[in-house]
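# Breakdown of the fold
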Amino acid sequence: MHRYPDHLTHPSGVELTPKPDRVLLAPRTGPAVAGFAAAAAAQADVLATLGLVAEGPATDDGPLAAADVQPDAKQPVNEGPDFVFARTPDGSEVDGDAIARAEAEGTVGWAAPVYTADFGAGEEELAPAADAVVLLHADVADPEDLARVVALGLERDEVRSALLGDHDYFTVADPAATPAYDLADRITEALGRDVEVRLEWVPMRVPVAHVPNDPMYADQWNLRQIGAAGPGTTGWDLTMGSASVVVAILDEGVELGHPDLAGAFVHNGINLGTMSGTGAPTGDHGTPCAGIVAARTGNGTGVAGLAGRCRILPIAFSRWTDTEVAAGIRYARMQGAHVISMSFGWNAWDRAVIDPAIQEAFNAGLVMCVATHNHNTANGITYPATNPLVIAVGASDQADNRKSPSSPDGEGWGSNYGPQISVVAPGVRIPSTDRLGANGYTANDYTPRFNGTSAATPHVAALAALIRSRNSSLNNVGVRRIIEQTAAKVGTVPYANVAGHPNGTWNEQMGYGRIDVLAALQRATPVKRWHFEDDLVKHLRDNIVFEKRFKEVREIDIYKLAGREVDDLIDLEDLINPVRDRLEGLKGLEGLDEVVKRLERIEKRVGSLGSPFLGTEDRPDVSTPVVEAAVNGDGPS
C-alpha cells in the first residue's frame, strides 16, 4: 500500500498530525489546456477516477458549498493549474494504492500527504511539495558534494537559487518514485554528514488577509478618513506620488490590462512559480491591492489610488511557499522597488528561508508593509508581520477603531493585534480595481468592498511611497518613523508610552494609531539645506565680529565647504548680505552654541578654504528658523 510519513516535524519544531482524508496532488491533464477553468475541469476528471473531490470553501464547521460561504469563512483554497488539494467526499482515508497506480500510469505526477498543526493562529493544513528540496548552499558548494546530490535525482534550479540567498533550490527528477519528503536520510547518507534538508511547505489555504463579500459600494471614504483627499488642505495637495518611486505588490499577481492601472507598471513583473513570464493574476487578491496603491488619479475612470502617480511591480505567487516569499522579496529588491506591500501572513513558513531576504531588503533601504491578519486575535499577529524589520499593519473601521466583529460595518471578522503592531489603516468597504470581466470578485472590473488587513496594508505601502516621493533623501527607518510619529491617536483605546515603541504613545490594538497622510507628508517636507561660504573661518569669541555669507540651496545631498564650488548651483542674486553682529547680541539664541561648535570643528579639520567634504557631524543644517534668525540679525526677544 502507498504510504506517507506518519510523523513529520516542521522546521519551527511543531509536530505535524496527518490528515488521512486529504492529499496534495499534481494531476497530469494531458495536452495543455487553456485557462484556469479548463484546467480545473481536467483536474476534476482525474480526481473522480481516484474517488476524490477538490478541496472547497470551508468554515470551522467543515466544507460548505460556494453559495453558503459567509463573510467569516476561511481563506480560499490554494490551487493552481499544476496542483490541487483534494479530499474524500465522506471523510474516509485516501486510497493510497489508487494514487500509486495513477502515478505509475502517468495521470498523476506526484502526491503528498496533508498535515495539520497549530502555529499560533488555530489549526492549519499544509503539505510538503514532493518535487523540491532546499539545501544550504554551503553543503553543496563542493563540486563532489553537488555531484553526490545530483546522483540522487536532484537538479539545482539556478534561477530560483539565485533568489534564495544562502539556500539552493533543487527539483526532484522523479517525485513519484522518490518524493522530497523521503529524501532527507538519503541526502545525509550520500554526503556522509548531517545536513539541513528543508521541504517546500504548501499551505492548503491561501494565506491572504482579505475577506471578499457583498455588493457594489462606490464611495472611497478611506481617502478622506486618512487625510489624503477631501475638503481643505490634504496630503494630495503636497504630492500624489512620483513615477520614480516603485511599490512591489507581492501577491497573486495584478491585472496587467486594467484601464485604471494603465501606465502604472514599471514593467510586467514575474511569476514565482515559473520564474518567468509576467506578474499576471494567479488569483483575485493582488489586483485590488494594486488599485489601492496606484490606480491612476485624474483619468476619469474608476477609483483613485492613494499613490496614483507612483508605479507598481507585480509579483505573482504560484504555490504560496516560503521559497516563493523569499524569492519575491529578493526580486523586488533587485528590480529597484522602494516599498513592498505584503497582504498576507502564515506562521508555518520557514523563517530561516524568509528572514534573510527581509534583512537584505531592509539593508537595501526598502520599506516593507505586512498584514497582521484577520482572526480577531490578541497576540495573534502572523508571520512575517512579526519580523521587527517590517511595518505590521492592522485594520481600522469607519469609526476609527480597530476592526472587530462589533464594528458598525457588520462584517464578522477582526484585525489581529499584539506587541508587534505598528499602525492601522482603513480595512472595510474599500473600493478598488478588480480583475476584468467575469474573473475576480465581481463581474464589472471593480470590487466595492475589498477588506481585511489585506486592504489596510497597501494604504500604508502607498503612504510610504508618497513620503519617498516627497523627500527622496529619507531612508526606510526615517519613512517608518514619520508614519508612526504622525499617526492619529483615534479610537476608544488609551495610548501610552510603552518600552520598545520609541515613536510616540502606543496601544496594542491600534499601534501608534491610524495613518495620517497629511501629517506624514508635512513632516516629510525636505528641510532647507544651508551652505556656508567662508571668507574667513574665525574663532567666535566675546566681542569678536563674525562674518558669513549664506547661500540657500534646496535639496542638495552633498554638503561641501562651499567657497567657489557652489557658485554654479544658485544665482548670485540669491546671495544674502554679510551679517555683522556681536556675539553679545546673539546670546541665548537657540542653537547658536551648536553652530559655534561645528564651525570650530570645520576650522580644525579642513584648515583652509576650498577643502572638499565635511563629516556628517559638521553639516551646518541647524534648523531653518535658527539660521534665518542669525542671517537677519534677529537675536532673542
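Here is a short report on the structure shown in this document. (Residues numbered from 1 in each chain as written. Predicted model: local features only at pLDDT ≥ 70, side-chain atom pairs only at ≥ 80, totals over all residues. Heavy atoms only, no water.)

Here we come to the packing of helix α7 (residues 286–294) against helix α10 (residues 453–470). Two numbers describe how α7 lies on α10: the axes approach to 8 Å, and their chain directions differ by 35°. At the point where α7 passes α10, the crossing takes the right-handed sense. Facing α7, whose interface residues are C289, I292 and V293, α10 presents S454, A455, P458, H459 and A462. Residues belonging to the contact of α7 with α10 are distributed by class as follows: six nonpolar, two polar and no charged. (Axes fitted to C-alpha atoms, helices over the stretch in contact; angles between N-to-C directions. Helix = DSSP H or I, 4+ residues; strand = E, 2+ residues; numbered from the N terminus. Left-handed = near helix turned anticlockwise from the far one by under 90°. Contact = heavy atoms within 4.5 Å. Nonpolar A, V, L, I, M, F, W, Y, C, P; charged D, E, K, R; others polar.)

A separate point is the pairing of strand β10 (residues 167–172). Burial of β10 is extensive: five of the six residues sit out of reach of the surface. Here three bridges tie strand β9 (residues 154–156) to β10, and the two strands are oriented antiparallel to one another. Residue pairing across strands places E155 opposite T171, the latter belonging to β10. (Buried < 20%, exposed > 50% of the residue type's maximum accessible area, 1.4 Å probe, protein only. Pairing = 2+ DSSP bridges.)

It is worth spelling out α7 at this point. The buried fraction of α7 amounts to nine of the nine residues, a majority that puts the element mostly inside the structure. Within α7 the residues assigned to the buried category are G286, T287, P288, C289, A290, G291, I292, V293 and A294. Buried positions along α7 lie against β12 (246–251), β14 (311–316), β19 (430–433), β20 (446–450) and α10.

Attention now goes to the side chain of R296. Its location among the elements puts R296 in the loop between α7 and β14. Buried charge without a partner: R296 forms no salt bridge, and the closest opposite charge is D260, 6.9 Å away. From its side chain, R296 meets the backbone oxygen of G308 in a polar contact 2.9 Å long. A distance of 2.5 Å separates the side chain of R296 from the backbone oxygen of C310, its partner in a polar contact. (Lys, Arg positive; Asp, Glu negative; His and termini not counted. Salt bridge = Lys/Arg side-chain N within 4 Å of Asp/Glu carboxyl O. Polar contact = N/O pair within 3.5 Å; in protein donor to acceptor, adjacent residues only side chain to side chain.)

This next bit is on the layout of surface pockets. Rolled over the atoms, a probe with the dimensions of a water molecule shows which regions are left empty. Reported here for the second largest pocket is a volume of approximately 400 Å³. Along its surface, the second largest pocket is lined by 25 residues, and P388, V390, R480, E484 and N503 are the ones closest to its centre. Elements with a contribution of two residues or more to the lining of the second largest pocket: β16 (367–371), β18 (421–426) and α11 (476–485). Residue classes in the lining of the second largest pocket are distributed as 14 nonpolar, eight polar and three charged. (1 Å grid on protein atoms, 1.4 Å probe; cavity = no way out; pocket = protein on both sides within 12 Å on 5 of 7 lines; lining within 4 Å. Points joined across faces, edges and corners; volume = space filled by probe spheres on them.)

Moving on, we come to unusual backbone geometry. Cis geometry is adopted by the peptide bond preceding P384, which originates at Y383 and carries an omega value of 10°. The phi dihedral of H373 falls on the positive side, at around 95°, and the residue is not glycine. With respect to the secondary-structure elements, H373 resides in the loop between β16 and β17 (391–396). Despite not being glycine, R429 has its phi angle at roughly 50°, a positive value. For R429, the position within the fold is in the loop between β18 and β19. Classification of R429 by relative accessible area gives buried; the value is 18%.

Formed by 157 residues in total, the largest nonpolar core has its most connected members in L25, I312, I329 and I483. Per-element tally for this core: the top contributor is α10, with ten residues. (Core = buried A, V, L, I, M, F, W, Y, C linked by side-chain atoms within 4.5 Å.)

Across the sheet, seven strands lie side by side as β13-β14-β12-β15-β16-β17-β18; this open sheet has parallel pairing. Each end of this open sheet is capped by a strand with a single partner; those strands are β13 (270–271) and β18. Alignment of β13 against β14, held across two bridges, turns out to be parallel. Each residue of the ladder has a partner; that of N271, found in β14, is A316. Across the face of the sheet, α7 comes into contact with β12 and β14 while running at roughly 160° to β12.

What follows concerns the packing of α10 against α11. Two measures define how a pair of helices packs: the angle their axes make with one another and the distance between the axes. Contact geometry for α10 and α11: axes closest at 10 Å, N-to-C directions at 115°. Viewed along their axes, α10 and α11 form a crossing whose handedness is right-handed. Where α10 approaches α11, its residues V460, L463, A464, I467 and R468 are matched on the opposing element by N476, V479, I482 and I483. Looking at side-chain class alone, the contact of α10 with α11 contains seven nonpolar, one polar and one charged residues.

With that settled, consider the environment of S415. You can see S415 is positioned in the loop between β17 and β18. With a relative accessible area of 0%, S415 lands in the buried category. Sequence separation between S415 and H373 is 42 residues; the distance between their C-alpha atoms is 6.1 Å. Once residues within four sequence positions are removed from consideration, S415 is found in contact with T372, H373, N376, G394, A395, R402, K403 and T453. One polar contact links the side chain of S415 to the main-chain amide nitrogen of A395, over a distance of 3.0 Å.

As a working rule, side chains carrying opposite charge can pair if their charged atoms are close by. Applying the stated criterion across every chain yields a total of 20 salt bridges. Of the charged contacts, one joins D350 and R198 as a salt bridge, the two residues approaching to 2.2 Å between their closest N and O atoms. Taken together, the residues D350 in the loop between β15 (339–342) and α9 (351–363) and R198 in strand β11 (residues 197–203) connect sequence positions 152 residues apart. Judged by its relative accessible area of 13%, R198 falls in the buried class. Linking R480 and E484 is a salt bridge whose minimum nitrogen-to-oxygen distance equals 2.9 Å. Here R480 and its partner E484 are both found in helix α11, four residues apart, which amounts to about one turn of the helix. In this structure R480 comes out as partly exposed when scored by relative accessible area, which is 22%. When its relative accessible area of 3% is taken as the criterion, E484 is described as buried.

The next point concerns helix α8 (residues 322–334). Its 13 residues give α8 an end-to-end C-alpha distance of 18 Å, which sits within 8% of 18 Å, the value for a rise of 1.5 Å per residue. Taken residue by residue, α8 has D322, T323, E324, V325, A326, A327, G328, I329, R330, Y331 and A332 as its buried positions. Positioned one or two residues after α8, G336 has a phi angle of 85°, which is positive. (Expected span 1.5 Å × (residues − 1).)

So, on to the environment of V77. Here V77 is to be found in the loop between β5 (62–63) and β6 (84–87). Among the residues examined, V77 registers a relative accessible area of 12% and is labelled buried. Separated by 22 residues in the primary sequence, V77 and E55 place their C-alpha atoms 6.8 Å from one another.

Where burial is concerned, most of strand β7 (residues 108–118) is hidden: ten out of the eleven residues are buried. Taken together, the six bridges between strand β2 (residues 15–27) and β7 define a ladder with antiparallel strand orientation. The partner of L25 across the bridge, within β7, is A111. The sheet contact formed by β7 and strand β8 (residues 123–136) spans four bridges and is antiparallel. What sits directly across from D118, in β8, is E123. In textbook terms, the turn of a hairpin is the stretch between consecutive antiparallel strands, and for β7 and β8 this stretch comprises four residues, one of which, G120, has a positive phi near 115°.

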